[in-house]
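In case you want the letters, here they are:
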Amino acid sequence: MTHPTERPADPLFTERTPRVVSASKLLRAAGRRKAGLFLAEGSNAVTSALAAGLVDEIFVTEDGAARYPDLLTGRVAYVTDRAMRGLSDTVTPPGIVAVCRALPEGRVPDGARLVAVPVDVAEPGNAGTVIRVADAVGADAVLLAGDAVDPMNGKVVRASAGSVFHLPVVQERDASAAIAQLKESGLTVLATAADGEVSLDDADEMLAAPTAWLFGNEAHGLPRGLQAAADHRIAIPIRGRAESLNLATAASICLYASSRVHHRG
């Protein structure tokens, strides 16, 4: 048997090889739903997917095999550069992609102390970045509320740098129901708002409690009805001339502030 890091004796899979054709369909949401599979591209994502035990197959180019020999485990298929481009939604594919079983249907764990709740997040890069930040600060879950991007979208997975495999990512299309469930779980629900009645600088006592942070959509922000449903509305002080902060930046600041208070002393 050929060792995965050696040049395979068989011809490389091409973009027409049935297994490659099937995998390429996972770039589309309909293909992911039908197959119950998704793609994780790049070394960070593949490493995390392997650790989570969700990898069915790995496709790799010869250059990719030379760069990532430690990731070549299980069912490995060598592909041409052109085939790899067909499995990627990046301009310059990293040369390795894993076919993964769908993420487990997540739930906010009992006793959660910090939950990130992006509402109607449409931009995959923002969704992935919020998941990555939530993971970095030690949050217990990310709840994608409302009409949100698929967390198994390739751009979300890549922007999360593997964090989609590290913590529960929950989906709830009814944002109001999500808020009600979070409150019932004992979480204080905080909404970011430019005109919030409490400054983040003065919110440490509030942040000491188990907290769920609501973050609004990139284009329209958080709807007034959802702001009203929160326990408190928090404003991030802007001391320079910038008009506002984007979703991922605001989420990073607020989640870090909560984490700082939770882990202080």
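The protein appears in an unreviewed UniProt entry as tRNA/rRNA methyltransferase (SpoU) from Tsukamurella paurometabola. Under the UniProt heading Sequence similarities (unreviewed entry), the entry covering the protein gives this text: "Belongs to the class IV-like SAM-binding methyltransferase superfamily. RNA methyltransferase TrmH family."

**Student:** Looking at this structure, how should I read the UniProt feature "domain: RNA 2-O ribose methyltransferase substrate binding" (unreviewed entry) in the protein?
**Tutor:** UniProt's entry tags residues 39-106 with the feature "domain: RNA 2-O ribose methyltransferase substrate binding" (unreviewed entry), counted in the numbering of this structure. For residues 39-106, helix accounts for 32% and strand for 26%, while the C-alpha atoms at its two ends are 18 Å apart.

**Student:** I keep staring at the sheet that holds strand 3 (residues 76-78) and nothing clicks. Help me out?
**Tutor:** Sheet strands associate in pairs through backbone hydrogen bonding, adopting either a parallel or an antiparallel arrangement. Judged by pairing direction, the sheet is mixed, and its four strands sit side by side in the order 1-4-2-3 without closing on themselves. Strand pairing shows two members of the sheet lacking a second neighbour, strand 1 (37-41) and strand 3, which therefore form its edges. For this sheet the average axis-to-axis angle between neighbouring strands, irrespective of direction, equals 20 degrees.

**Student:** Mind showing me how you'd approach helix 6 (residues 124-137) here?
**Tutor:** Along an α-helix, a turn takes 3.6 residues, which lines up residues three or four apart on a common side. End to end, helix 6 covers 20 Å across 14 residues, agreeing with the expected 20 Å (1.5 Å per residue, within 8%). Among all positions in helix 6, only Pro124, Asn126, Ala127, Gly128, Val130, Ile131, Val133, Ala134 and Val137 are buried. Along its buried surface, helix 6 packs onto strand 5 (114-118), strand 6 (141-145), helix 7 (154-159), strand 7 (169-172) and helix 11 (247-262). The N-terminus of helix 6 is capped by glutamate 123, whose side-chain oxygen sits 3.0 Å from the backbone nitrogen of glycine 125. Just downstream of helix 6 lies glycine 138, where phi reads positive at about 85 degrees.

**Student:** Help me out: how do you make sense of the packing of aromatic side chains in this one?
**Tutor:** Here the distance between the centres and the angle between the planes together describe a pair of aromatic rings. This structure, assessed with the given rule, holds two aromatic pairs. With a centroid separation of 5.9 Å and 20 degrees between ring planes, the pair formed by phenylalanine 38 and phenylalanine 165 is classed as stacked. Placement of phenylalanine 38 in strand 1 and of phenylalanine 165 in the loop between helix 7 and strand 7 is noted, with a sequence separation of 127 residues between them. Phenylalanine 165 sits in the buried class, given a relative accessible area of 12%. Measuring from ring centre to ring centre gives 6.1 Å for tryptophan 213 and phenylalanine 215, while their planes differ by 10 degrees; the resulting arrangement is stacked. The buried category is assigned to phenylalanine 215, whose relative accessible area is 1%.

Reading the values: rules and limits
Residues numbered from 1 in each chain as written. Predicted model: local features only at pLDDT ≥ 70, side-chain atom pairs only at ≥ 80, totals over all residues. Heavy atoms only, no water. UniProt positions renumbered as here; feature names shortened; annotations may be inferred. Helix = DSSP H or I, 4+ residues; strand = E, 2+ residues; numbered from the N terminus. Pairing = 2+ DSSP bridges. Axes fitted to C-alpha atoms, helices over the stretch in contact; angles between N-to-C directions. Expected span 1.5 Å × (residues − 1). Buried < 20%, exposed > 50% of the residue type's maximum accessible area, 1.4 Å probe, protein only. Contact = heavy atoms within 4.5 Å. Polar contact = N/O pair within 3.5 Å; in protein donor to acceptor, adjacent residues only side chain to side chain. Phe/Tyr/Trp six-rings, centres within 6.5 Å; stacked < 30°, edge-to-face > 60°.

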